[in-house]
Amino acid sequence: MISILKVDNLNIAYGNLQVVWDVSLNIPDGKIVALLGSNGAGKTTILKTIGGILKPKSGKVFFCDKDLSKYQSHELINLGLCFVPEERNLFISMTVEDNLVLGAYTIRNSAKIKSNLEYVYSLFPRLFERKKQLAGTMSGGERQMLAIARGLMANPKMIMLDEPSMGLSPQNVVLVFETLMKLKKDNVTTLIVEQNVNTTLEISDSAYVLEHGRIVMHGDSGTIKNDDSIRKMYLGIA
């Protein structure tokens, strides 16, 4: 199976404090892969390092066989890699549609931008209804939809999501996970960090379990979901 993203022996530190040790990941093209673990395990740190926001102490990250250490974080979207952080980072004084159009800043073809808008509106009809509304006046669920949709405006090959269901109503949580399944059908690879472990294991193909900055388990999501010892020891669920 072809890997779109490879992480080789990543070590990450904040100053003199090392928080991630020898993490290696292989993310297959077109699949949904989960990165799971308790709070403070290092999941977000790994995503930020892959996304070029943090620099590793050692190790390499390759996306589509390109060494990402040679690129700045803002250049990664040109390669087809999109990171949607937990903070969402929306332009709250701008409209929904203006936020979406900014997500397509690497695209110069107006017809393509229009096509991408139609695509994300088909995924999130609520955004079409709210397209002239200021982003800062939207609900938490609507803002999360907008953050994901803005990332998709650049036609990424792969999207990384950090806690996409955080603070959402049950209805919006369902919508987010349904969207990830639609993206998989469109061959968009997803790497997801998510505290909603059960649902994440239901929709993902495989998962890595992280504890204290180290990978302690990797395998098929169904196997991990059904292993009581893994669930109790590493994921904190009965």
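Our structure's up above, just so we're on the same page.
One structure accompanies this document, and this report is about it.

**Structural notes on the side chain of Lys 43**
Among the secondary structure elements, Lys 43 is positioned in helix α1 (residues 43–50). Buried charge Lys 43 goes without a salt bridge, the closest partner of opposite sign being Glu 163 at 4.9 Å. The contacts of Lys 43, once residues within four sequence positions are left out, are Leu 35, Leu 36, Gly 37, Ser 38, Glu 163, Val 193, Gln 195 and Leu 210.

**Concerning the nonpolar core**
Within soluble globular proteins, side chains that are nonpolar generally end up buried alongside one another. Judged by nonpolar contacts, the single largest core of 45 residues is most densely connected at Leu 100, Leu 127, Leu 146, Ile 159 and Leu 180. A total of six residues in this core trace back to one element, the largest contributor, which is helix α6 (residues 140–152). With 28 residues, the next largest nonpolar core counts Ile 50, Leu 76, Met 160 and Leu 191 among its residues.

**A short note on unusual backbone geometry**
Despite not being glycine, Asn 187 has its phi angle at roughly 65 degrees, a positive value. Residue position: Asn 187 is located in the loop between α7 (170–185) and β8 (189–193).

**Digging into the sheet that holds strand β4 (residues 58–63)**
The pairing of strands in a sheet happens through backbone hydrogen bonds and is either parallel or antiparallel. Here four strands make up an open sheet; going across it, the order is β2-β1-β4-β5 and the pairing antiparallel. The open sheet terminates on both sides in strands that have one partner only, identified here as β2 (17–28) and β5 (66–67). In the packing of α1 onto the sheet, the strands contacted are β1 (3–14), β2 and β4, and the crossing angle to β1 comes to about 115 degrees.

**Quick notes on the sheet that holds strand β9 (residues 206–211)**
Read from one edge of the open sheet, six strands run β6-β7-β8-β3-β9-β10, paired in mixed fashion. The outermost strands of the open sheet, each flanked by one partner alone, are β6 (81–84) and β10 (214–220). Taking the axes of each pair of neighbouring strands and ignoring which way they run, one obtains an average angle of 15 degrees across the sheet. Pairing between strand β7 (residues 158–162) and β8: five bridges, direction parallel. Within the sheet, the bridge partner assigned to Met 160 lies in β8 and is Leu 191. Packing against the sheet, α1 makes contact with β3 (32–36), β6, β7, β8 and β9, and its axis sits at approximately 145 degrees to β7. Of the strands in this sheet, β6 and β7 touch α6, which is tilted by about 165 degrees from β6.

Reading guide: rules and limits
Residues numbered from 1 in each chain as written. Predicted model: local features only at pLDDT ≥ 70, side-chain atom pairs only at ≥ 80, totals over all residues. Heavy atoms only, no water. Helix = DSSP H or I, 4+ residues; strand = E, 2+ residues; numbered from the N terminus. Buried < 20%, exposed > 50% of the residue type's maximum accessible area, 1.4 Å probe, protein only. Lys, Arg positive; Asp, Glu negative; His and termini not counted. Salt bridge = Lys/Arg side-chain N within 4 Å of Asp/Glu carboxyl O. Contact = heavy atoms within 4.5 Å. Core = buried A, V, L, I, M, F, W, Y, C linked by side-chain atoms within 4.5 Å. Pairing = 2+ DSSP bridges. Axes fitted to C-alpha atoms, helices over the stretch in contact; angles between N-to-C directions.

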